[in-house]
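Residue strings, one per chain:
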Amino acid sequence: MSNRPFRKISDAKSRRREIKLKNQPANVQYPVNEERPDMDRLCFTGNGGQTQRGTGPRHGWVRGHHKDGSYCKEMPKYINAGSFARARAAEVKVMVKAVKKKSASCHLFSALPKHMRRRAMSHNPKRLPRRLQEMAMKLREKSLQGAKKKKQESKKKSRKARRRHGNLLLEFNRRQRKNIWLETHIWHAKRFHMVKKWGYCLGESPTYKCYRACNKAMSNHCLLQDLSYYCCIELVGEEDKLLASLAQLTCKETGPSFAAAVCLSGRRQGSVVVYKAGQYPSHPLGPVSFLWRPRTQGLNKRQLWIWAHPTLKQDLLTELQNVCDCSVPIIPLVVPVALPAEECPSEEMMELPKHSPVIKHTSGTKRKRSCSDQSGPPAKKILGDGTRSPTTPVTWKSNASTTVINDLTMEMVRYRLIGPLSHTVLAETLEAATCCEIVDKSVESSFWWPEHCKDEGMMNLHKEQSENFHILKGVYSAGEIPPGTVLGLNVDDPRVTLPTKKVKALPSTKQAQELDEKVKQFMLNGVSEHCCQSFLWDRTVRDNVTENKIPEQEMNRMRGDMLVPGSRLWPIPLQGRVPVLLVHQPGKQVGHEMNTWGAGWDILLPKGWGMAFWVPLVYRGVREGGLHMTLKHSQNKSAPNFPHDYPDCPAGVRFQEEQEAELMDKFKRRPPAKRTNYIKLGCLAPFRCPWKQLAEEWDVISAEERKGRSESTDADMVMEEGATLHQDVTSTTPQRFSVLRNRKSLRLISGWCRPTTSKGQRVCRLGQSPPLTQSAVSSFLSAHSMSLVWVRLSLFSKGKPELHGMVCVPTPEDLKLLKDPQCSGPLEPTHKDHFKSKLKRSKKSSDTGEKVQDVTPITLKSSSTLKSVLGLWPDPLPRITSHCSRVTLGWVTQGDFSLTAGCGEALGFISVPGLLTTLLKQPMEHRGVLLLRNPASLHYRFVKANVEV
């Protein structure tokens, strides 16, 4: 008995006790004595709590206590031996299982008392008691085997081994098996959101907030972008044969071609839209930019570089091989020293050293790996296309002529500087190459620059190019330079003049005044033809510069040896000269607003020198942009972006399919109750633009209107009969839509739309154009009935256009709302979702077994699709032009609030027959006014359509 004083249990404690003991076995009872709980005594029971005392068999424990303090003396009436034995056997089984269960890694120590448990026993099993040593040895062997197996499966090196320079390079090469890395990939990966597109790993947008800063840089200072993912295809051959072959891919109606006189001389860079051979205006491939090498005396062959988007490369290369008849591939020789893009070098490509060197170790120093230790050549970073097999041909020749096609993808680095002070950034970063004062002409050098300095004519050309580059410092804005100007230059290694901290490059007023006359001549005449020469065109020079580049480690050692920290390295090593090519990029060239906005320069470099030029450019205060800013740059220039805005090209079709799948997946990830019901909003295709169906419907509408007018008007019957017959003839041929790129036709439509400013307030002065009459429209549509036209839409009031917004025709009642300055546009009435109600009725009929008649034209296939995508119209789509209360003309492909224009602007395509039909019916003061509605909105907004040429 306990000597504790009497204490009554509180109600809360009794309740907690009951909750704790409610799950106890049925044969154990705990009746509590409220007066003396500590006086309870354990008794035995065998059947449901019946107790016994004395010498009888002990069947179980029970607290049998009466209020008067006496114990119960009742005996069980009977005992069932079978049930009793089974109950006890189950309890014994549970106890044995609990004892043998290994609940933790230290299960052996659970068999020992706490005072005997030691950490050293886990390392030395002999410290355990003898009865546990055998079990501990078995468990240790099992754990060692598991660790060894896990190590063999992982095959992961230690961090120290992975951080070695050779292993870092092997890992760098291995990770480019699927997607190519640019030379600035590591720099971008630390600061940008990376995306995998077009076979490359590219930076999409910075991780920090800089959208407004990047727009400000494009307008006032400089924005830097890495465009090295653009593919370069080189054509070498006779000029006449090259021009004859390339003429099959272009048409003069769309603008200057490869044979333009200014571009053919090599002084300017040109751009053109390429089509399949002899199939203009249908089957376009996409836009390309080209650059001719200036003519060289004594050489009949010409050299041409064609720069194309990676999605366009394969289609363009196939067409060039066909028109140039270059179908014979040249298999490159595999150099055994170069390592493939693998995790570790193979044994077959390695050569064992003939003599193993003896390495002496001094006391107190750690043994370091040396190059002589390794059994193979040192690892090299793969420069260029690391995803391409070494045996893949990159050169094709012709058996009938001397024409040769070379694939120079990733053989050069291309940076783009956008902004009015981009030339100032280049002038601050680059310095013309210094001449080698002491050059022994009798000794041949392994570097290209000393050999170049031996030629007096080459040095005179270098001095003239340096003077032209010096004149750039006096130019106020990059937009004042002739568009497409090309300047060849040899520069010193920019790492030599790297500033100690970031500085913002600004123009010098003093130099501008000193070079005033030379700047005016430069702005009028540009660069002379012989100053456009560059050693970057020579493959041998490019390879020499790449192989002999000074490593960053050696450059840092040279900086450390300088007597004054931060001073310029002198003398500059002989291999520290680089040939570059500066190409001017014109800004906005269409329309009558913000001319030359977004102008800048492109700098072409040999491969391997990407980071050596990137970091010095960043240290001049530029902003860095990714793919997102490329799209915004083209949007502010009112120029279509490839492949986003080329729906009639194969690359544009593939992009639209990928974009639709991406937007559809994003839509499906939302809960069904939180998804936008586009059927109720009257939006047939919120994730794509059915251009072909739009062109076909407007072709039929315009044909019916011309036919109806010809029947009602006797005077115009003869004139309209020819157009009707023409329509009947063209309808028998397969219809294919195309984008209108004929410059003459675009100027005509632009005059009929009456172009205005971005806000539609002031009429711009244009040349006299033919009046907009029914006869002029009929003759125009006879050639462009299935065409789309690129337009810029400017909002009259507030609002932000979005992707795939609908461009519609305003009604006469809508145009009356323009008089009210507070009204921004009409509203679309809400549509009824017939598919949702039909699905409910079909589900109800399947439950009751009744047959319900179809209300809407929907197939079983589309109804099954709607179960997973509720709120979207199934295929095939109904008539898209007359689906809403306003007639649809086209859709938006780019839309956002423009920080340069100060209002919402959208870019997209509309049907040519629909636009001309609308312009004919509109009054002169409201001509060109349309409606724009976002996919997730019922609100129409007034916009002004501008066709800029």
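Residues numbered from 1 in each chain as written. Predicted model: local features only at pLDDT ≥ 70, side-chain atom pairs only at ≥ 80, totals over all residues. Heavy atoms only, no water.

## Brief notes about the packing of aromatic side chains
Formally: Each Phe, Tyr or Trp ring, with Trp reduced to its six-membered ring, pairs with another whose centre is within 6.5 Å; inter-plane angles below 30 degrees give stacked pairs, above 60 give edge-to-face pairs, and intermediate values give tilted ones. Exposure categories follow from relative accessible area, calculated using a 1.4 Å probe and restricted to protein chains: below 20% of the type maximum is buried, above 50% is exposed, and the middle band is partly exposed. By definition, any uninterrupted DSSP run of H or I lasting at least four residues is a helix, any uninterrupted run of E lasting at least two residues is a strand, and each is numbered from the N terminus. Whether a charge sits over a ring depends on NZ of Lys or CZ of Arg being within 6 Å of the ring centre and within 35 degrees of the ring normal.
Enumeration over the complete set of coordinates arrives at 21 aromatic pairs. Each ring, one from Trp-448 and one from Trp-449, has its centre 5.4 Å from the other, and the planes form 70°; the classification is edge-to-face. The exposure class of Trp-448 is buried, given its relative accessible area of 9%. For Trp-449, a relative accessible area of 0% puts it in the buried group. For the pair Trp-752 and Phe-780, a centre-to-centre distance of 6.0 Å together with 65° between the ring planes defines the contact as edge-to-face. Of this pair, Trp-752 sits in helix H23 (residues 743-753) while Phe-780 sits in helix H24 (residues 774-781), placing them 28 residues apart in sequence. Of the residues examined, Phe-780 reaches a relative accessible area of 7% and is grouped as buried. Within the aromatic cluster, the residues linked to one another by ring pairs are Trp-187, Phe-192, Tyr-415 and Trp-614. For the cation-ring pair, Arg-414 lies above Trp-307, with the distance from its terminal atom to the ring centre recorded as 4.7 Å. Over the face of the ring belonging to Trp-609 we find Lys-549, whose NZ or CZ atom lies 5.8 Å from the ring centre.

## Examining the side chain of Ser-634
Topologically, Ser-634 is positioned in helix H19 (residues 627-636). Residue classification places Ser-634 among the buried residues on the basis of a relative accessible area of 6%.

## Considering the pattern of salt bridges
This is how the line gets drawn: For this document, the term salt bridge refers to a Lys or Arg side-chain nitrogen within 4 Å of an Asp or Glu carboxyl oxygen.
Following the criterion strictly, the structure yields 32 salt bridges and no others. The closest approach of N and O atoms between Arg-295 and Glu-239, which form a salt bridge, is 3.4 Å. Here the residue Arg-295 occupies a position in the loop between strand E10 (284-292) and strand E11 (301-308), and Glu-239 occupies one in helix H8 (residues 239-246), the gap between them amounting to 56 residues. With a closest N to O distance of 3.0 Å, Lys-454 and Glu-451 form a salt bridge. When its relative accessible area of 30% is taken as the criterion, Glu-451 is described as partly exposed. A network of salt bridges, in which partner residues are shared, links Lys-588, Glu-593, Arg-792, Glu-905 and Glu-948.

## Describing the sheet that holds strand E18 (residues 600-606)
Inclusion rule: Between any two strands, at least two bridges found by DSSP are needed for them to pair. Contacts were defined at the residue level, with two residues in contact if any of their heavy atoms lie within 4.5 Å. Angles run from 0 to 180 degrees between N-to-C directions of axes, and those axes are lines fitted to C-alpha atoms, restricted for helices to the stretch in contact.
The six strands are arranged E16-E17-E18-E15-E7-E19 in an open sheet whose pairing can be described as mixed. The strands lining the two open edges of the sheet, one partner per strand, are strand E16 (486-492) and strand E19 (623-624). Sheet topology note: the strand E17 (residues 577-585)/E18 ladder contains five bridges and is antiparallel. Within E18, the residue paired with Val-583 across the bridge is Asp-602. Docked against the sheet, helix H11 (residues 422-429) engages strand E15 (412-418), E17 and E18, running at close to 35° with respect to E18.

## Things to note about a negative patch on the surface
Filter applied, for reference: Any residue with relative accessible area above 30% and no salt bridge may belong to a patch, with like charges joined within 9 Å and the nonpolar Val, Leu, Ile, Met, Phe, Trp and Tyr side chains within 5 Å. To measure how exposed things are, a 1.4 Å probe is used in the Shrake-Rupley method; for residues, cover is taken only from the protein chains shown. Think of it this way: Lys and Arg go in the positive column, Asp and Glu in the negative one, and His and the chain ends go nowhere. Working definition for charges: the position is that of NZ of Lys, CZ of Arg, CG of Asp or CD of Glu.
Taken together, the side chains of Glu-657, Glu-658, Glu-662 and Asp-665 present a region of like negative charge at the surface. Structurally, Asp-665 can be placed in helix H20 (residues 650-669). A relative accessible area of 40% places Asp-665 in the partly exposed class.

## Details of a nonpolar patch on the surface
Taken together, the side chains of Val-92, Met-95 and Val-96 present a nonpolar region at the surface, about 260 Å² in accessible area. Along the polypeptide, Val-96 turns up in helix H2 (residues 81-100).

## Observations concerning the pairing of E11
Summarising burial for E11: seven of the eight residues are buried, a large majority. Inspection of the sheet shows strand E8 (residues 231-238) paired to E11 by eight bridges, in the antiparallel sense. Within E11, the residue paired with Glu-234 across the bridge is Trp-305. Across four bridges, the pairing between E10 and E11 is antiparallel. Each bridged residue has a counterpart across the sheet, and for Trp-292 the counterpart in E11 is Leu-304.

## Comments concerning unusual backbone geometry
The linkage connecting Phe-642 with the following residue, Pro-643, adopts the cis geometry, with an omega of 5°. Locating Pro-643 in the fold gives a position in the loop between H19 and H20. Of note, the bond from Asp-875 into Pro-876 is cis; its omega dihedral lies within 30 degrees of zero at 0°. Note on placement: Pro-876 falls in the loop between helix H27 (860-866) and strand E23 (888-898). The backbone phi angle of Met-410 is positive, close to 65°, even though this residue is not glycine. One non-glycine residue, Met-594, lies in positive phi territory at about 50°. Mapped onto the secondary structure, Met-594 falls in the loop between E17 and E18.

## So, the sheet that holds strand E6 (residues 200-206)
Taken together, the three strands give an open sheet; going across it, the order is E4-E6-E5, and neighbouring strands pair in mixed fashion. Of all strands in the sheet, those bounded by a partner on one side alone are strand E4 (180-181) and strand E5 (192-197). Pairing analysis gives two bridges linking E4 to E6, with the strands arranged parallel. Paired with Ile-180 across the bridge in E6 is Tyr-200. The strands touched by H19 within the sheet are E5 and E6, with E6 carrying the most contacts at an inclination of about 70°.

## Some thoughts on the side chain of Thr-485
The following threshold applies: Two N or O atoms count as a polar contact when they lie within 3.5 Å, although within protein this holds only if one can serve as hydrogen donor and the other as acceptor, and sequence-adjacent residues are included solely when both atoms are side-chain atoms.
Relative to the helices and strands, Thr-485 resides in the loop between helix H13 (456-471) and E16. Assessed through its relative accessible area of 1%, Thr-485 is described here as buried. Within polar-contact distance, the side chain of Thr-485 engages the backbone oxygen of Pro-482 at 2.6 Å. Among all residues touching Thr-485, those that are not within four sequence positions of it are Arg-267, Arg-268, Val-527, Leu-582, Val-583, His-584 and Trp-601.

## Observations regarding the confidence of the model for the chain
Keep this limit in mind: The predictor attaches a confidence to each residue, and that confidence, scored 0 to 100, is pLDDT.
Within the chain, residue pLDDT values average 80, and 79% of them lie at 70 or more. Within the model, the stretch residues 336-375 combines pLDDT values under 50 with 43 contacts to residues more than four positions away or in other chains. Under a pLDDT of 50 for its full length, residues 756-766 has, in the predicted model, 33 contacts with residues more than four places off or in other chains.

## What about the pairing of E17?
Taken residue by residue, a regular strand's side chains alternate between the two faces of the sheet. With nine of nine residues buried, E17 lies mostly within the body of the structure. Residues Arg-577, Pro-579, Leu-581, Val-583 and Gln-585 of E17 are buried on one face, and the alternating residues Val-578, Val-580, Leu-582 and His-584, pointing to the opposite face, are buried as well. Here seven bridges tie E16 to E17, and the two strands are oriented antiparallel to one another. Across the sheet, the residue bridging to Val-491 is Val-578, located in E17.

## As for a positive patch on the surface
Residues Lys-190, Arg-191, Lys-216, Lys-502, Lys-504 and Arg-623 make up a contiguous surface patch of positive charge. Tracing the backbone through its elements, the reader meets Lys-216 in helix H7 (residues 211-220). Assessed through its relative accessible area of 55%, Lys-216 is described here as exposed.

## Remarks on the environment of Asn-322
When you line up the elements, Asn-322 lands in helix H10 (residues 310-324). Accessibility expressed as a relative area gives 52% for Asn-322, which makes it exposed. As a C-alpha pair, Asn-322 and Ser-245 span 77 residues in sequence and 9.1 Å in three-dimensional space.

## Structural notes on H19
Given 3.6 residues to a turn, an α-helix orients residues that are three or four positions apart in the same direction. A large share of H19 lies buried, amounting to seven of its ten residues. Buried residues of H19: Leu-627, Met-629, Lys-632, His-633, Ser-634, Gln-635 and Asn-636, and no others.

## Some words on the packing of H7 against H19
Here is the rule: If an angle is under 35 degrees, it is roughly parallel; if it is over 145, roughly antiparallel; if it lies from 65 to 115, roughly perpendicular; otherwise it is oblique. Put simply, a crossing is left-handed when the front helix is turned counterclockwise from the back one by less than a right angle, and right-handed when it is turned clockwise. Here the term charged refers only to Asp, Glu, Lys and Arg, the term nonpolar to Ala, Val, Leu, Ile, Met, Phe, Trp, Tyr, Cys and Pro, and the term polar to all other amino acids, Gly among them.
Remark: H7 packs on H19, axes separated minimally by 11 Å, with the N-to-C direction vectors making an angle of 50°. What the angle tells us is that H7 and H19 run oblique. Note that H7 runs across H19; the crossing there is right-handed. Across the interface between the two elements, Tyr-211, Cys-214, Asn-215 and Met-218 of H7 pack against His-628, Met-629, Lys-632, His-633 and Asn-636 of H19. Of the residues that constitute the contact of H7 with H19, the class distribution is four nonpolar, four polar and one charged.

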